[in-house]
Structure formats: C-alpha cells, structure tokens
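Residue-level structure breakdown
Listed here are the chains, written in short residue letters.
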Amino acid sequence: RKEVEQDPGPFNVPEGATVAFNCTYSNSASQSFFWYRQDCRKEPKLLMSVYSSGNEDGRFTAQLNRASQYISLLIRDSKLSDSATYLCVAQKEWDMRFGAGTRLTVKP
Amino acid sequence: NAGVTQTPKFQVLKTGQSMTLQCAQDMNHNSMYWYRQDPGMGLRLIYYSASEGTTDKGEVPNGYNVSRLNKREFSLRLESAAPSQTSVYFCASSEPPTDTQYFGPGTRLTVL
C-alpha cells in the first residue's frame, strides 16, 4: 500500500466548475504537506503548502485534517489552464512521499 | 538563473550498459534529491544528499549509486542497467530540506 493515496481520476469538468481532490496519508509522523502540479511530460512544481488551519491562494483552497490523515484541494471557477496532474505530498524531515497524482482535464 | 538542470534529456540503453545522469543547481541549495517516476506509482525517492559528501538512501535505492561532487552537482549512476529501470528521472533541490523542492526537467530513460 502506498504511503500517500490519491484517486487517479481522470476528472473531466467544464470551465467554471468547482472540483475537489482528496488524498490520504498513512504515516502519522508526517510533518509537512503540499500540493504539486505537473503538466504533461514536465517536472512537478509547487502549487501550495497545506496547513491545518486551511489556506487559500486565489481560486485554490487546501485543507489538512491530521486526525483523519486527509488532505484536500478545492479548485473554484476552473480554467482550461488548470488541466494537469495534481500530486499530493506528505513530508517527514527530508523524506517527501508523493501520491501517484490525480489527473484533471478542464473542457470548454 | 537556470534553476535545476539535467542531462541528458533522453537516453536509450541496452540491458547491462552503464550510464550517469547529471544534475546541477545554481540556487545555492544544500539539499539535493534523485527521484524516479513511473506510471501509477508517483515519484519515489532514490537518494538524498544533505550536503557535499553526504548521501542517504531513499525508498528505492537498489541498482543505483550517487555522487555529490560539490554543492552544485549531484549525479546518479546506473552500473548495469535493467529494463525495470526504464523510467523518468527527476533531480530536485531545496533549502532547507523541509522547504519547497525545485525540480529539473527530467531524463527519460529506456532500457531495452
């Protein structure tokens, strides 16, 4: 069983839709959490960090529930440019564990 | 700034051949990483280096060796390539080790 589990999708949504991704992690000692974005055949890039208090960056909202070991990402008002794979990450010290990713396609 | 650079971008090897993947960063980061990415598996850490001269095994180190030549460069060597090592390899760096990781563009390796 992978340490970080994500629904692989694909999620196909129309422009303007709201879409939510979920992720669970198994190592309760994980300290930091992130969402990375990866475009097709490109390197991953940090989208946002995830905090217990929840954090928002424009149309993106991330939440962490340590008790349930659950991380979420909400994208509001989806744009065509949001089409990508979203990687959930749990980190303990230098050891980052990535989920396999959730693929999102936003259609006109 | 180039960020993290990797060479080569593509490589095809025959089983048993050896090769070295090169990685360099110009962000003055101490921490550097090598990952492999396979379909359905996500990125998995091969090796980590906290600083020049130090390396630690990650989740999937078997079949690989690394060298942290200096602060900028971190190379990954396959001594005897196997088809199971067909993958996309990413190098990354960060400072401090708990901070955002910056990835290179990747090396697509096929072992026949």
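Everything discussed here concerns the structure shown above.
What comes next concerns the included structure. In this text, all values refer to a predicted model and were calculated from it rather than measured experimentally.

Covalently bonding the sulfur atom of one cysteine to the sulfur atom of another cysteine gives a disulfide. All names here are of chain A. Tallying each qualifying case throughout the model produces 2 disulfides over all chains. Paired by a disulfide, Cys23 and Cys88 hold their sulfur atoms 1.9 Å apart. Residues Cys23 and Cys88 are joined by a disulfide whose S-S torsion is about -75 degrees; by sign, that bridge is left-handed. In this pair, Cys23 is assigned in strand 3 (residues 19–25) and Cys88 in strand 9 (residues 84–92), connecting sequence segments 65 residues apart. According to the relative accessible area criterion, Cys88 is buried, its value standing at 0%.

Our next topic: the sheet that holds strand 1 (residues 4–7) of chain B. All names here are of chain B. Overall, antiparallel pairing links the 4 strands, which are arranged 1-3-8-7 in an open sheet. One side of each edge strand has no neighbouring strand; the edge strands of this open sheet are strand 1 and strand 7 (65–68). Here the average twist between neighbouring strands, direction ignored, is 15 degrees. The sheet contact formed by strand 7 and strand 8 (residues 74–78) spans 4 bridges and is antiparallel. Following the sheet pairing, Arg68 is matched in strand 8 by Phe74.

Opposite the 22 residues of chain B that make contact, chain A presents 19 residues. Taken over both partners, the interface formed by chain B and chain A buries close to 1700 Å², and the fraction arising from carbon and sulfur atoms is 57%. On the chain B side of the contact with chain A, B:Leu43, B:Phe103 and B:Arg108 bury the most area, a combined 26% of that side's loss. Applying the counting rule to chain B against chain A returns 1 salt bridge. Residue A:Arg97 is joined to B:Glu59 by a salt bridge in which the shortest nitrogen-to-oxygen separation is 3.6 Å. Remark: the boundary between chain B and chain A carries 4 residue pairs in polar contact (both at pLDDT 80 or more). For the side of chain B that touches chain A, the elements supplying multiple residues, two or more each, are strand 4 (31–38), strand 5 (42–51) and strand 6 (54–57) of chain B.

Reading the values: rules and limits
Residues numbered from 1 in each chain as written. Chains lettered and ligands numbered in written order. Predicted model: local features only at pLDDT ≥ 70, side-chain atom pairs only at ≥ 80, totals over all residues. Heavy atoms only, no water. Disulfide = S-S within 2.5 Å. Helix = DSSP H or I, 4+ residues; strand = E, 2+ residues; numbered from the N terminus. Buried < 20%, exposed > 50% of the residue type's maximum accessible area, 1.4 Å probe, protein only. Pairing = 2+ DSSP bridges. Axes fitted to C-alpha atoms, helices over the stretch in contact; angles between N-to-C directions. Contact = heavy atoms within 4.5 Å. Buried area = accessible area lost by both parts, 1.4 Å probe. Salt bridge = Lys/Arg side-chain N within 4 Å of Asp/Glu carboxyl O. Polar contact = N/O pair within 3.5 Å; in protein donor to acceptor, adjacent residues only side chain to side chain.

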